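Each chain is listed here by its residues.
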Amino acid sequence: MTEAVADIQKNLSMIHDVDLQFSVHEASGEIMVTVREEASGEVIREIPPSEILDLAARLGEMVGSLFDQTG
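Position numbers for residues start from 1 in each chain and track the written sequence from start to end. With pLDDT at 70 or above as the cut-off, local features in this predicted model cover only qualifying residues; side-chain atom pairs require 80 or more to be listed or tallied, and sums for whole chains, interfaces and linings still use all residues. Computation of side-chain values: all heavy atoms of the structure, hydrogens and water removed.

### Overview of a nonpolar patch on the surface
Where nonpolar side chains cluster on the molecular surface, the patch consists of Phe22, Val24 and Ile31 and spans about 310 Å² of accessible area. With respect to the element layout, Val24 can be found in strand S1 (residues 18-24). Between buried and exposed lies partly exposed: a residue is buried under 20% and exposed over 50% of the maximum accessible area for its type, with that area taken using a 1.4 Å probe on protein chains only. Looking at Val24, the relative accessible area reads 54%, which means it is exposed. Patches draw on residues past 30% relative accessible area with no salt bridge. Two like charges within 9 Å are joined, as are two nonpolar side chains (Val, Leu, Ile, Met, Phe, Trp, Tyr) within 5 Å. Accessible areas in this description were obtained via Shrake-Rupley with a 1.4 Å probe; residue shielding takes into account the shown protein chains only. Salt bridges are counted wherever a side-chain nitrogen of Lys or Arg sits within 4 Å of a carboxyl oxygen of Asp or Glu. The numbering of helices and of strands both runs from the N terminus, where a helix is a DSSP run of H or I of at least 4 residues and a strand a run of E of at least 2.

### Some thoughts on the sheet that holds S1
Taken in spatial order, the three strands line up as S1-S2-S3 in an open sheet, and their pairing is antiparallel. Where the open sheet ends on each side, the last strands, each with one partner, are S1 and strand S3 (43-47). Adjacent strand axes in the sheet meet at a mean angle of 20° when their direction is disregarded. Bridge count between S1 and strand S2 (residues 31-37): seven bridges; the pairing is antiparallel. Its bridge partner lying in S2, Val18 is registered against Glu37. For two strands to count as paired, DSSP must find a minimum of two bridges between them. Throughout, an axis means a line fitted to C-alpha atoms (over the contacting stretch in the case of helices), and angles, computed between N-to-C directions, take values from 0 to 180 degrees.

### Focus on the pairing of S2
A loop of six residues connects S1 with S2, the two strands running antiparallel in sequence, and Gly29 in this loop sits at a positive phi of about 80°. In the sheet, S2 pairs with S3 via four bridges, with the strands oriented antiparallel. Bridging from a neighbouring strand, Val35 pairs with Arg45 of S3. In sequence, S2 turns back onto S3 through a hairpin of five residues, with Gly41 there showing a positive phi of about 80°.

### What about unusual backbone geometry?
Following Ile47, the chain continues to Pro48 via a peptide bond in cis, the omega torsion being -20°. Within the element layout of this structure, Pro48 appears in the loop between S3 and helix H2 (50-70).

### Remarks on the side chain of His25
Relative to the helices and strands, His25 is located in the loop between S1 and S2. Working rule for contacts: check all heavy atoms of both residues, and any pair within 4.5 Å makes them a contact. Filtering out sequence-adjacent residues up to four positions away, His25 remains in contact with Glu30, Met32, Ser50, Leu53 and Asp54.

### Let's talk about the environment of Ser50
Mapped onto the elements of the fold, Ser50 is located in helix H2. Sequence separation between Ser50 and His25 is 25 residues, and the spatial gap between their C-alpha atoms is 7.6 Å. Residue contacts for Ser50: discarding those within four places in its chain leaves His25 and Met32.

The analysis is restricted to geometry; functional conclusions fall outside its scope.
Next up, the structure:
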C-alpha cells in the first residue's frame, strides 16, 4: 500500500508539481488528503476539509451523549 501511495505521489508531482499527504483525522478517525503546492508548501486543498471532519466528530459526540442521557 505504501509503495502504491509513493508511486501516485511521484506521478502527480511530475504532472502538476503537487504533493499529497495522507493522514488520519484524530477526532473522527477518517482519512484526509492534503494537497500542497510542492515548491511553496502552500495547502491547496484538504479532502475532506478538516472543518467538516471536526464538525462530524462534535455531532457524533453530541448524539452519543444524548443517547447516554436517555438510555
